[in-house]
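# Architecture and fold: a report
Chain by chain, the residues run as shown.
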Amino acid sequence: MKEENRLDKIFKENLSDHEIKPSESVWDRIEGELPQQKKRGGGLYVMRAATVALLIGLSTWFTFDPSQPDSTLGNPTNIGTQIQKEKEKNKEKEKGTKEKSGKDKTSEKKENPKKETIPILRPRVKSNSKLLVSADPVPVVAEEELEDELLMDQVALRVDEELKPEPLRVKVRYRPDMAIGAFYEEEEQTTAEAEENPELKERVVAYASDQFNNLISGKPLELPKTEKKPRLEVNLGKWFNN
Amino acid sequence: MGKLLRLPTSDHKLIKQCRRGDQRAQREMYDRFSPQMLSVCRRYVRTLEDAEEVLSNAFIKVFSKIDQYSGEGSLGGWIRRIMVNEALNFIRYQKNLFVEVEEENHSGFAHQSLNEQFNEEHLLKLIDELPLGYKTVFNLYAIEGYTHKEIGEMLGISDNTSKSQLSKARKHLQQRLGNNELLYKEQ
């Protein structure tokens, strides 16, 4: 039997139950080195991996429209420079930037996760093609339809990014001068023409709605059918059926 | 996760769950024992950082060897043994890296009140001051409760060396605590 030393006892009694709280990093390190979970733990891992694979598969399926020989995810850079050049040529003011950026964001928001940029709706032949749309009630397409399509895409996109499942709200203003703008140098002329032609508004709204739909569903965009011949012809054939 | 009031799992059940690799159970076991075990590790090494390193290495061993726990002796005791072994490994590893220079701290603690002297942190500090050999043997013998024979085996030294290291450790500590105070110590 061991003789109990007084000194030893002091230390033993006071230090046996002593506690020091470890920092969180300790557990993190342990967790990282733990042996693999067995049995049903393993099954869970397989399920998760399968779900991710499925989502990736879905997203690629939605991204590429097999009916197009030339995928809509074409050469954004080329288009970009073309439009850039056009901009430089034209001296028109850039009133529509607000709407433009508003529209840009909503479509870009959709496009970004796909990691390639699809240029925004540019049916105009001449630069600051800010074809913006719609009159004051903002009926940009049947929002119910929009929601369904969006949901599909969102499932796919969740792999890349967390998007809130809200329907896209596109707020736009009808700018008749912009709608016709490219065709006339002076603003008065364009406004005048717009006022003369009340049907124009409806046509513009309809056109924009259609194109927006196309944009979302990944179909190619279409140039508007204009009565007048555009002054400048630029080859955007890849992008538009005209 | 509405698990605010969760009764602690019994040792037996906890072990069973850990054997299955149940992460939640592993975390519970860790939470339950790690503070005390960190203190154990701390006594053997010189810094808290080193102690945490020993702690994590040891827990990894605990979870991978949980199958081997026979149920003999308490779970805490089994875990503690793993801690001590890991601490010794660490010391051996450190020793191989560089030569330790021990500095003796002669600050006077002798005249502190009894309460202050037997305060946990204070005692820990005294142990900290000991040269490595004295410290290790003292820990193993006086606090962990190993015999000189066992210590000899663990450290690769003879029984006698263990005994002499122990008495030197005690002498050191007594100086720090002050002989007078020790005589008047109350149980």
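Above this note sits the structure.
Residues numbered from 1 in each chain as written. Chains lettered and ligands numbered in written order. Predicted model: local features only at pLDDT ≥ 70, side-chain atom pairs only at ≥ 80, totals over all residues. Heavy atoms only, no water.

On to the overall build of chain A, then. Within chain A, the secondary structure is distributed over nine helices and zero strands. Per-residue burial for chain A yields a buried fraction of 39% across its 242 residues. Sequence separation of at least 24 residues holds for 71% of the intrachain contacts in chain A that already meet a minimum separation of 6. A total accessible area of about 15,500 Å² is found for chain A, and carbon and sulfur atoms account for 52% of it. (Helix = DSSP H or I, 4+ residues; strand = E, 2+ residues; numbered from the N terminus. Buried < 20%, exposed > 50% of the residue type's maximum accessible area, 1.4 Å probe, protein only. Contact = heavy atoms within 4.5 Å. Areas by Shrake-Rupley, 256 points an atom, 1.4 Å probe, with all protein chains shown as cover.)

What follows is about the packing of aromatic side chains. This model, assessed by the stated rule, comprises seven aromatic pairs over all chains. Taking the centre distance of 6.4 Å and the plane angle of 90° together, the rings of Trp27 of chain A and Phe63 of chain B count as edge-to-face. Within this pair, whereas Trp27 of chain A is found in helix α2 (residues 24–33), its partner Phe63 of chain B is found in helix α3 (residues 48–65), the two belonging to separate chains. Assigned by exposure class, Trp27 of chain A and Phe63 of chain B land together as buried. One aromatic cluster is present, formed by Trp27 of chain A together with Tyr30, Phe59 and Phe63 of chain B through successive ring pairs. (Phe/Tyr/Trp six-rings, centres within 6.5 Å; stacked < 30°, edge-to-face > 60°.)

Moving on: α3 of chain B. Counted at 1.5 Å a residue, the expected span for α3 of chain B with its 18 residues is 26 Å, and the 25 Å between its end C-alpha atoms agrees. All of the buried residues in α3 of chain B are Asp50, Ala51, Glu52, Val54, Leu55, Ser56, Ala58, Phe59, Ile60, Val62 and Phe63 of chain B. In this structure, the buried residues of α3 of chain B make contact with α2 of chain A together with α1 (11–19), α2 (23–44) and α4 (75–97) of chain B. (Expected span 1.5 Å × (residues − 1).)

So, on to the packing of helix α7 (residues 132–144) of chain B against helix α9 (residues 159–177) of chain B. All names here are of chain B. For the pair α7 and α9, the least separation of the axes is 8 Å and the interaxial angle reads 100°. If you check the angle between α7 and α9, you find them roughly perpendicular. Contacts from Gly133, Tyr134, Val137, Phe138 and Tyr141 of α7 reach α9 at Ser162, Gln165, Leu166, Lys168, Ala169, Arg170, His172 and Leu173. Classifying every residue of the contact of α7 with α9 gives seven nonpolar, four polar and two charged. (Axes fitted to C-alpha atoms, helices over the stretch in contact; angles between N-to-C directions. Parallel < 35°, antiparallel > 145°, perpendicular 65-115°, else oblique. Nonpolar A, V, L, I, M, F, W, Y, C, P; charged D, E, K, R; others polar.)

Time to look at α7 of chain B. Residues and elements named next belong to chain B. A maximum bend of about 25° is found in α7 at Phe138. Of all the 13 residues making up α7, twelve are buried; the element is thus mostly covered by neighbouring parts of the structure. When α7 is considered as a whole, its buried residues turn out to be Leu132, Tyr134, Lys135, Thr136, Val137, Phe138, Asn139, Leu140, Tyr141, Ala142, Ile143 and Glu144. After α7 finishes, the residue Gly145 shows a positive phi value of roughly 90°. (Bend = angle between axes of the 7 residues up to and from the residue.)

Applying the stated rule across the entire model yields 13 salt bridges over all chains. Between Arg27 of chain B and Glu24 of chain A there is a salt bridge, with its nearest N and O atoms 3.2 Å apart. Within this pair, whereas Arg27 of chain B is found in helix α2, its partner Glu24 of chain A is found in helix α2, the two belonging to separate chains. The partly exposed category is assigned to Arg27 of chain B, whose relative accessible area is 26%. (Salt bridge = Lys/Arg side-chain N within 4 Å of Asp/Glu carboxyl O.)

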